[in-house]
Amino acid sequence: MTVPPPRRKRDGSLRKALVDAGVALLRERGPDKLSLRECAAKAGVSHAAPGYHFKNITGLSTAIAGRGFALFCRAMEQRLDASPPAATERLSAICQGYLDFATGHPELFLFIFSGQKFNEDDEEFAVHASRAYAILRETCAPLIPEGTDPEEIEILVWSLVHGYAHLAMTRKKENPGLGRGWPELGTLVTHLQKALPDPG
C-alpha cells in the first residue's frame, strides 16, 4: 500500500511553518544546509508545497530574513520604549537592543548579515530591513556634529555595536581568556558618547 504524501496545509499556516522550519535548520546546520525540500520535510508537508509560497530558495531565504529584521527592529524598539528621552540614553538603548537580538536569535543575526542573496523587492523584507536602519538613523540624528555627514556617525555606531555583538558571539567563545577582560557594551558606548558632541 502506498503512503499518500502529506497534505498541503490550507489554513494559511503553510508559509509560517516553512519559515519556522527554515529558522530551525539555520540553528541546527547553518545557512549552507538550507533547502526548500528539507524545510518541507521538517514542516511535515510535501516537497512541492513550498512552491505555493516561494519560487525558489531565495524566496524562502528572503522570508526568513524578513522575520529576522522584524525581530531585530522589535528588540531595538523595546529598548527605546523603556529609555529616558536623552539622546545619549536612546543611543545606548538601541545598542543594547541590537545585542539583545544577536544573543537571543544568533542564527538570524548571522543569517541576515551573511551576504546571502535576498529579494530586496519583497515588500515585507524591504519594510523591516529599511526600518532597522531608520531606527539607527533617527537615534543618531541628534548627535551628528555640525558639518558632518550623518552616515559617518551612523556607520561608526553600527560598526561598533555589530562588531561587538559578532565578537562576543564568536571570538570570545573561541578564546576563553578574553572572558576575564571582556568589557560590557555599555562601557564602549560611553566612550563613543564622549567623542560625540553634547546635544544640550
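Our structure's up above, just so we're on the same page.
Below is a summary of the structure that appears in this document. What you see is a predicted model; the values in this text were computed from it and never measured.

As a further point, take the packing of helix α4 (residues 87-104) against helix α6 (residues 123-140). For the pair α4 and α6, the least separation of the axes is 9 Å and the interaxial angle reads 155°. The pairing of α4 with α6 is recorded here as roughly antiparallel in orientation. Seen from above, α4 lies across α6 with left-handed handedness. Contact with α4, carried on its side by R90, L91 and I94, involves I135, L136, T139 and C140 of α6 and no other residues of that element. Residues belonging to the contact of α4 with α6 are distributed by class as follows: five nonpolar, one polar and one charged.

This part takes up the packing of aromatic side chains. With the rule as written, the count across this model stands at 14 aromatic pairs. Taking 6.3 Å as the distance between ring centres and 75° as the angle between the ring planes, the aromatic pair formed by F69 and F113 counts as edge-to-face. Here the residue F69 occupies a position in helix α3 (residues 57-81), and F113 occupies one in the loop between α5 (106-112) and α6, the gap between them amounting to 44 residues. Judged by relative accessible area, F69 falls into the buried class, the value being 10%. Among the residues examined, F113 registers a relative accessible area of 28% and is labelled partly exposed. With 5.7 Å between their ring centres and 85° between their planes, F69 and F125 make a pair best called edge-to-face. Taken together, the positions of F69 in helix α3 and F125 in helix α6 put the pair 56 residues apart, joining distant regions of the chain.

The next point concerns the nonpolar core. Residues L18, I64, F72, L91, F101 and V157 are the most contacted members of the largest nonpolar core, which totals 59 residues. Listing elements by their share of this core, those giving two or more residues are α1 (14-29), α2 (36-43), α3, α4, α5, α6, α7 (150-169) and α9 (185-195). Sorting elements by how many residues they give to this core places α3 first, with 11 residues. If we ignore the near neighbours within four places in the chain, the residues touching F72 are Y98, F101, I112, F113 and A132.

Right, let's get into α2. Within α2 the residues assigned to the buried category are C39, A40 and A43. One side of α2 carries all its buried residues, which in axial view fall inside an arc of 100°. Across α2 from its buried face, at more than 90 degrees, point the exposed residues R37 and A41. Immediately downstream of α2, the backbone of G44 shows phi near 75°, a positive value.

Looking now at the pattern of salt bridges. Overall, the coordinates contain 11 salt bridges when judged by the stated rule. For E28, the salt bridge is made with K42, and the minimal N-O distance between the two is 3.0 Å. With a gap of 14 residues between them, E28 in helix α1 and K42 in helix α2 connect regions that are remote in the sequence. What makes E28 partly exposed here is its relative accessible area of 49%. A salt bridge links R137 to E151; its shortest N-O distance comes to 3.5 Å. Of this pair, R137 sits in helix α6 while E151 sits in helix α7; the two residues are 14 residues apart in sequence, bridging distant segments of the chain. The exposure class assigned to R137 is partly exposed, which follows from its relative accessible area of 39%. One salt-bridge network, held together by shared partners, links K16, D20 and R67.

Cut-offs used in this document
Residues numbered from 1 in each chain as written. Predicted model: local features only at pLDDT ≥ 70, side-chain atom pairs only at ≥ 80, totals over all residues. Heavy atoms only, no water. Axes fitted to C-alpha atoms, helices over the stretch in contact; angles between N-to-C directions. Helix = DSSP H or I, 4+ residues; strand = E, 2+ residues; numbered from the N terminus. Parallel < 35°, antiparallel > 145°, perpendicular 65-115°, else oblique. Left-handed = near helix turned anticlockwise from the far one by under 90°. Contact = heavy atoms within 4.5 Å. Nonpolar A, V, L, I, M, F, W, Y, C, P; charged D, E, K, R; others polar. Phe/Tyr/Trp six-rings, centres within 6.5 Å; stacked < 30°, edge-to-face > 60°. Buried < 20%, exposed > 50% of the residue type's maximum accessible area, 1.4 Å probe, protein only. Core = buried A, V, L, I, M, F, W, Y, C linked by side-chain atoms within 4.5 Å. Arc of directions from axis to C-beta. Salt bridge = Lys/Arg side-chain N within 4 Å of Asp/Glu carboxyl O.

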